Every structure is written in structure tokens, then in C-alpha cells.
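Residue-level structural notes
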Amino acid sequence: MNFLTYVMHLAGSGAIAYYSAAQIRDPKTRPNVLAGFQLAESGSVPFLQALSQRATAEGDTWLSEKLAKHAEDEKKHGQIFAHALKQLDKKVIDFKSSKETTKESKSQEGRSPFFAAYFKGYSPEQLKPAVTAWNVFMPSTYILELDASKDFARMANVLPESDPIARNLKLGMLNIAQDETGHAAYLYEAMMRRMSATQVQKLVDEWRTRKVDALMAFANNMLQSKNSNRSLVQDATPSESDSELIAA
Ligand SMILES: [Fe+2]
Ligand SMILES: [Fe+2]
């Protein structure tokens, strides 16, 4: 990694960390942040399960087991965020059953500005679990897991101790952060099993640079677009939503 990329990485992750910490600390924006995490964590489960099956088919039992455990962990993370939302009387909007499911919202979910920049040069087809190259999946996911572990820990630490619901969420997020560290560790090991240390370092550097570019794309999009604050949550009970409308 060159020095500029390193500095940009620190600046970029610092800015995003500041933004996400502020968003999760504020009780008004907290549900939307939690919903985003629930969707992301649960959304990765089928992908990881499919990769685990592919590793089995290719004869790599070690990798298959790691991926299966990874999928289980992400399922658990999704449940932790769903539970936290429930405690706030909120839940993720069911986009499948809502009329909002337009082609546009679908494609936006599939290809956020962040992911479009991160996977620049790869079509969604090329990233499907049946065909994605292991030397793309491993380093790209390694970087995301490594950063997620730090981001979740940072966010957990800004949650207030005084509020029991927030405290519960804090403990859950610290646990999640630990799991993400474990995911990064096995992905690194998986690369070392298949490649030389020099090749691994080259890939890690490449995906670190891509992450910096993706953070810039994400930040740009947030500054320009009004769409990025689209609500992902609804009230868990209709009566609650009525009373909130009156209160607001
Ligand atoms: Fe996770
Ligand atoms: Fe993870």
C-alpha cells in the first residue's frame, strides 16, 4: 500500500466512523442504522452458504467449514440487530411485500455506490458465488471484515451505558466485532494456504486501495443524493406508528 492510500484510508475510515458513531448514538437515527446492518448481515448468509457448498464440491473441506461457520455467524448478527430493533418497537421494512419494490430500488440495493466502486471492473454476474474467483472473494471480504470489526467496536463504545436497551446492543455489537475479527483471520489464512506471502500482500494492498476509492464514492454520493437517507424501518405495531405521528 502506498503512503497516500494509507493516509486516505485513515481519513476515510475516520470520517465514516465519525458519521456512523453519530448516527448510532442519536436515538432518532439509530433504528435506520440498525436496519441497514440487519439487511447487510442477513443478506450475506445465502452467498456464504453457496460458497461453502462450492468449496465442498471443489474438495476444500477446511474452507467449506470456515464458510459455513461464517454464514452461521452472519445469521446470528442479523438476529442481534433485528432484536435490537424490536426492543425499539421497530422492524425492517418488508420491501418484498411493499409497493416500493421498483426496479430502481432493487438495482440500488444490488449495487450501491460503495460496492460499485469497490468491485469496479467486475460485473454482478462475475461476483456470483458459483463463479466468483477465490482470489477476488477472499481479499475483498478480508478487508471488509477487518474494517467491520473495528467499526462495530467503535460504534458499540459510543452507545450509552445508562440505557438498558442501548447497553444490551453495545454488548451484542462488541460480540459481533469479535466474530468479524475471526472472519478476517480465517480469510487471511485461506489466502496464505493458496498463495505466496508476496501474492497475498499484493492482493491485500489492491483491495485496501479499492476500499479507499469506495469510501470516497460513498461519501460523494451522500453529499449529493437525498436518496441515501431512505428509511429502512417501520414501526413494529400499527398503533405505535399512529401515536408517533401524533407526537411528531
Ligand atoms: Fe457480521
Ligand atoms: Fe463477518
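Since we're looking at a predicted model, the values are computed, not measured.

1. Brief notes about a nonpolar patch on the surface
On the surface, a nonpolar cluster with roughly 410 Å² of combined accessible area is contributed by Phe3, Tyr6, Val7 and Leu10. If you trace the backbone, Leu10 turns up in helix H1 (residues 3-25).

2. Details of the packing of helix H7 (residues 134-158) against helix H9 (residues 197-224)
H9 packs onto H7 with a crossing angle of 60° between their chain directions and a minimal axis gap of 9 Å. Taken together, H7 and H9 sit at an angle that is classed as oblique. The handedness of the crossing between H7 and H9 comes out as right-handed. Each of Asn135, Val136, Pro139, Ser140, Tyr142, Ile143, Leu144, Leu146 and Asp147 in H7 lies in contact with H9, whose residues at this interface are Leu203, Val204, Trp207, Arg208 and Lys211. Residues belonging to the contact of H7 with H9 are distributed by class as follows: 9 nonpolar, 2 polar and 3 charged.

3. Comments concerning the coordination of the iron ion (ligand 2)
Here the iron ion (ligand 2) is held by Glu74 (OE), Glu145 (OE), Glu145 (OE), Glu180 (OE) and His183 (ND1), and the distances to it run 1.9 to 2.6 Å. Counting residues between consecutive donors of the iron ion (ligand 2) along the chain gives the motif E-x70-E-x34-E-x2-H. Between the iron ion (ligand 2) and the iron ion (ligand 1), both coordinated by Glu74, there is a metal-metal distance of 3.5 Å. Of the two residues, Glu145 sits in helix H7 while His183 sits in helix H8 (residues 164-194), which places them 38 residues apart along the sequence. Take Glu145 and His183: they sit in the same class, and that class is buried.

4. Comments concerning the environment of Ala219
Inspection of the secondary structure assignment puts Ala219 in helix H9. A relative accessible area of 28% places Ala219 in the partly exposed class. The sequence separation of Ala219 and Ile16 amounts to 203 residues, and the corresponding C-alpha distance is 8.2 Å.

5. Quick notes on the coordination of the iron ion (ligand 1)
The protein atoms that coordinate the iron ion (ligand 1) are Glu41 (OE), Glu74 (OE), His77 (ND1) and Glu180 (OE), at distances of 1.8 to 2.2 Å. Each of the 4 donor atoms bound to the iron ion (ligand 1) contributes to angles spanning 84 to 150°, and the resulting shape is irregular. Between consecutive donor residues of the iron ion (ligand 1), the sequence gaps follow E-x32-E-x2-H-x102-E.

Criteria and thresholds
Residues numbered from 1 in each chain as written. Chains lettered and ligands numbered in written order. Predicted model: local features only at pLDDT ≥ 70, side-chain atom pairs only at ≥ 80, totals over all residues. Heavy atoms only, no water. Patch = residues over 30% accessible without salt bridge, like charges linked within 9 Å, V, L, I, M, F, W, Y side chains within 5 Å. Areas by Shrake-Rupley, 256 points an atom, 1.4 Å probe, with all protein chains shown as cover. Salt bridge = Lys/Arg side-chain N within 4 Å of Asp/Glu carboxyl O. Helix = DSSP H or I, 4+ residues; strand = E, 2+ residues; numbered from the N terminus. Axes fitted to C-alpha atoms, helices over the stretch in contact; angles between N-to-C directions. Parallel < 35°, antiparallel > 145°, perpendicular 65-115°, else oblique. Left-handed = near helix turned anticlockwise from the far one by under 90°. Contact = heavy atoms within 4.5 Å. Nonpolar A, V, L, I, M, F, W, Y, C, P; charged D, E, K, R; others polar. Donors = N, O, S within 2.8 Å, 3.2 Å for Na, K, Ca; no water. Buried < 20%, exposed > 50% of the residue type's maximum accessible area, 1.4 Å probe, protein only. Tetrahedral: all angles 85-135°; square planar, octahedral: opposite > 155°, others 65-115°.

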